[in-house]
Amino acid sequence: MVNISACVIVKNEAENLPRWLECMQVLADEMVVVDTGSTDATIAIAKQAGAKVYEFPWCNDFAKAKNFALSKAKGQWILFLDADEYILAADFAAVRDLIRRYEKNLTILGFMCRLVNIDVDNHNQYLNDGYQIRCFRHLPNLQYTGAIHEVLQYKGKEKCSMELVKDFTIYHTGYSSHIMQRKLQRNIKLLLAKQGTDEFRDADDYYLGDCYYGLGEYEKVIMHIRRAIKNKVKVLGNEVRMYAIFIQSMIFLQRSEAEVQAAIAEARKVLPQAPELVMLMGQDAWKRKKYQAAEKAFRKCLEMYQEARLRELDKKMETDEMQSLLPQIYCNLGYIERMKKQEVAAAALFVKALAYDKYHVASLQNFFRSVAALDDIALIQWLNQRYDKKADAAFIMEALPASGREKVFLYYVQQGQLSVKEWHKYLLAGKLKAAAASLTEEMDSLYRLALVRAEQDDSSKDVLAVLLPEAYQKAIVQPQQPLEFRIHRKLQHMRADLQEE
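Right, let's walk through the structure included here. Numbers given to residues run from 1 along each chain, matching the order in which its sequence is written. Local features in this predicted model are restricted to residues of pLDDT 70 or higher, and side-chain atom pairs are both shown and tallied only at a pLDDT of 80 or more, whereas totals for entire chains, interfaces and linings draw on every residue. Water and hydrogen atoms play no part in the side-chain values, which are based on all heavy atoms of the structure.

Here we look at the environment of Gly416
- Structurally, Gly416 can be placed in the loop between α17 (406-415) and α18 (422-428).
- For every residue, the accessible area obtained with a 1.4 Å probe (protein chains only) is divided by the maximum for its type, and the residue is called buried under 20%, exposed over 50%, and partly exposed between those limits. Residue class for Gly416 comes out buried when judged on its relative accessible area of 12%.
- Remark: the alpha-carbon pair of Gly416 and Lys389, spanning 27 residues in sequence, is separated by 6.7 Å.
- Contact criterion: two residues are considered in contact whenever any of their non-hydrogen atoms come within 4.5 Å of each other. Setting aside chain neighbours within four positions, we find Gly416 in contact with Lys389, Lys390 and Ala393. Here a strand is any run of E in DSSP of at least two residues, a helix any run of H or I of at least four, and the numbering for each starts at the N terminus.

Next up, the structure:
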């Protein structure tokens, strides 16, 4: 029987660790958790789930921490997923079946598994995917190297390899919006500390460029990636991304067309089958408002992407940076069709964009414009086939046009049980007098509140003298007209209420 050890290194992972433990309690025979200095409930959670917990003083070296975890493992095979990675329950059986299938083939050290990055802060939006080694044999000659962006390295003499497999998928939430900035800053600090030492690898220039790209520091991206390209760096699974962020940074910095096109041409010499590079040709043309060239490039990159997906069936495609770009590509093509007055063709392209990411707000907004002739009931039916009318109500309302779809807006206000001001509801329902009366009452309350505030803070009086209607200013001093008197009386009641509180 094959024994599997699940290993992980953690620090303050109380949010993610329960899901990791839930997976590994089923998949593994033991769970090894190495803590590098948690101050939250991470250790208690791990122990309660039955994991073996070890403490490892953090030394700014991920490889050392991971190798320490391997030294504590007893299994013949290792599952080394990060705390923010997980496998769906539907794939559990496939993991053990895969290991059993290759157990006797000693030339296979482990597996390159499909890993999908998702953003949990944006409706679990797909970001990209590639292949990573997360399942491998427990051998003394198979250890991690590299203080950051650590990799497994085999130091044995036998000829062995890692098998690329598609039996199961690993999902990674570590690139979600709320944690990316902090993680990138941490990685930059670790990488810069290695500069000028023997530990700095040529590939670290790529990793620095990638970090700076996430932070929007595009000049630094160009500097580091240019150095990585000069040193002929190849990072398994990230060959396309290295060139893509280099060129994208040039586009963001509005470098000359000649410079951008030269960079794309050089990249295509190395990666002639990469659709991402043709997509960047389209994006550069789009930015320069050369829409015919942009359309040609976008359609070409879609053709190349389909060819790449076919190659993937033969295990030749190791990464996919394109899928997350498809919504914007189809949206841009739809916009071009709208410029041609081809609204039916445009709507079809916006629908394709939404098929890849139904929360792509620009595509939904443009779809609404393309189907302006569609009646409200038909539009609501279309939306309800694709969205949750309660959970997605706020998103749909955000995408709706400012006018012309008032009934649709009101429908999703009710379905989503969302808070909307009374005057706004009246306005959407076409009851203009009621809307005006409600809005007047709301503004009156705000003006009176501002006046009371002015009495407490002399510095705001000059500002309010400009902003407030004249009747409200006179109501404080000596009310003469009926409206001024009514305002004055309301102010007296407000002051009395505040004094009682």
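Quick word on helix α15 (residues 376-386)
- By the burial criterion, the buried members of α15 are Leu379, Ile380, Trp382 and Leu383. Looking straight down α15, one finds that the buried residues subtend no more than 160 degrees of arc, so they occupy a single side. Structural note: α15 exposes Ile377 and Gln385 on the side pointing more than 90 degrees away from its buried face.
- For α15, the N-terminal cap is Asp375; the gap from its side-chain oxygen to the backbone nitrogen of Ile377 is 3.0 Å. By definition, the arc is the one covered by directions from the helix axis to the C-beta atoms. Polar contact criterion, stated in full: a pair of N or O atoms within 3.5 Å, where within protein one must be able to donate a hydrogen and the other to accept it, and residues adjacent in sequence count only if both atoms are side-chain atoms.

Concerning the pairing of strand β1 (residues 4-10)
- Within β1, seven of the seven residues are buried, leaving the element largely enclosed by the surrounding structure.
- Both faces of β1 are covered, namely the face carrying Ile4, Ala6, Val8 and Val10 and the face carrying Ser5, Cys7 and Ile9.
- Two strands pair under a simple rule: DSSP has to find at least two bridges between them. Across three bridges, β1 lies against strand β4 (residues 77-79) in parallel orientation. From the neighbouring strand, Ile4 faces β4, where its bridge partner is Trp77.
- As defined by bridge partners, β1 adjoins strand β2 (residues 30-35) across six bridges and the pair is classed as parallel. Pairing of Cys7 across the sheet is with Val32, part of β2.

Digging into the packing of helix α14 (residues 361-370) against α15
- Interhelical geometry of α14 versus α15 gives an angle of 155 degrees and a closest axis separation of 12 Å. Considering the angle they form, α14 stands roughly antiparallel to α15. Viewed along their axes, α14 and α15 form a crossing whose handedness is right-handed. Taking contact as the criterion, the partners of Leu364, Phe367 and Phe368 in α14 are, on α15, Leu379, Trp382 and Leu383. Inter-axis angles, ranging from 0 to 180 degrees, are taken between N-to-C directions of lines fitted to C-alpha atoms, where helices are fitted over the stretch in contact. The labels follow the angle: roughly parallel below 35 degrees, roughly antiparallel above 145, roughly perpendicular from 65 to 115, and oblique for the rest. In this scheme the crossing of two helices becomes right-handed for a clockwise turn of the near helix relative to the far one and left-handed for an anticlockwise turn of less than a right angle.

Quick look at the packing of helix α13 (residues 343-356) against α14
- For the pair α13 and α14, interaxial distance at closest approach is 9 Å and the crossing angle is 155 degrees. With respect to α14, the axis of α13 lies roughly antiparallel. The way α13 lies across α14 gives a crossing that is left-handed. Across the interface between the two elements, Glu343, Ala346, Ala347, Phe350, Val351, Ala353 and Leu354 from α13 touch Ser363, Leu364, Asn366, Phe367 and Ser370 from α14.
- Each residue is assigned to one class: nonpolar for Ala, Val, Leu, Ile, Met, Phe, Trp, Tyr, Cys and Pro, charged for Asp, Glu, Lys and Arg, and polar for all the others, Gly among them. Split by residue class, the contact of α13 with α14 holds eight nonpolar, three polar and one charged.

Quick look at the pairing of strand β10 (residues 161-172)
- With three bridges joining them, strand β5 (residues 85-87) and β10 adopt antiparallel strand pairing. From the neighbouring strand, Tyr86 faces β10, where its bridge partner is Tyr171.
- Looking at chain direction, strand β6 (residues 108-119) and β10 are connected through eight bridges and run parallel. Among the inter-strand pairings, Asn117 is bridged to a residue of β10, identified as His172.

Focus: helix α6 (residues 203-214)
- With twelve residues, α6 should cover 16 Å at 1.5 Å per step; its first-to-last C-alpha distance of 17 Å lies within 8% of that length.
- For α6, the set of buried residues is Ala203, Asp204, Asp205, Tyr206, Tyr207, Leu208, Gly209, Asp210, Cys211, Tyr212 and Tyr213.
- Two residues or fewer past α6, Gly216 is found with a positive phi of approximately 75 degrees. For a helix, the expected span equals 1.5 Å multiplied by the number of residues minus one.

Describing the pattern of salt bridges
- For salt bridges, the criterion is a side-chain nitrogen of Lys or Arg within 4 Å of an Asp or Glu carboxyl oxygen. Using the criterion set out here, one finds 27 salt bridges in the structure.
- In this structure, the salt-bridge partner of Asp97 is Arg100, at a minimum N-O distance of 2.5 Å. Taken together, the residues Asp97 and Arg100, both in helix α4 (residues 92-102) and three residues apart, mark about one turn of the helix.
- Its relative accessible area of 37% is what places Asp97 among the partly exposed residues.
- The partner of Arg255 in a salt bridge is Glu219, with the nearest N and O atoms 2.9 Å apart. You can see Arg255 sitting in the loop between α8 (239-252) and α9 (257-270) and its partner Glu219 sitting in helix α7 (residues 218-230), a full 36 residues away along the chain.

Quick word on the sheet that holds β2
- Spatially, β3-β2-β1-β4-β7-β6-β10-β5 is the arrangement adopted by the eight strands of the open sheet, whose pairing is mixed. Edge positions in the open sheet fall to β3 (52-55) and β5, since each of these has one partner strand only. Neighbour-to-neighbour, the strand axes of the sheet open up by a mean angle of 35 degrees, direction not taken into account.
- The pairing of β6 with strand β7 (residues 125-137) spans ten bridges and is antiparallel. Residue pairing in the sheet places Val116 in a bridge with Asp129 of β7.

A few points about unusual backbone geometry
- Residue Asn12 is not a glycine yet carries a positive backbone phi of 50 degrees.
- A residue is classified by how much of its surface remains accessible, and Asn12, at 34% relative accessible area, is partly exposed.
- Despite not being glycine, His149 shows a phi value in the positive range, around 55 degrees.
- Looking at the secondary structure, you find His149 in the loop between β8 (142-145) and β9 (151-154).

Considerations on the nonpolar core
- Membership of the largest hydrophobic core comes to 72 residues, with the highest contact counts inside it found for Phe80, Phe136, Tyr206, Ile247, Leu277, Leu280 and Ile329.
- With nine residues, α8 is the single largest residue contributor to this core.
- The residues touching Tyr206, leaving out its near neighbours within four places in the chain, are Ile225, Ala228, Val233, Val235, Asn238, Arg241, Met242 and Ile245.
- If you look at the next biggest cluster of nonpolar residues, it comprises 38 residues, including Val2, Met24, Ala51 and Trp77. We call a set of buried Ala, Val, Leu, Ile, Met, Phe, Trp, Tyr and Cys residues a nonpolar core when their side-chain atoms join them within 4.5 Å.

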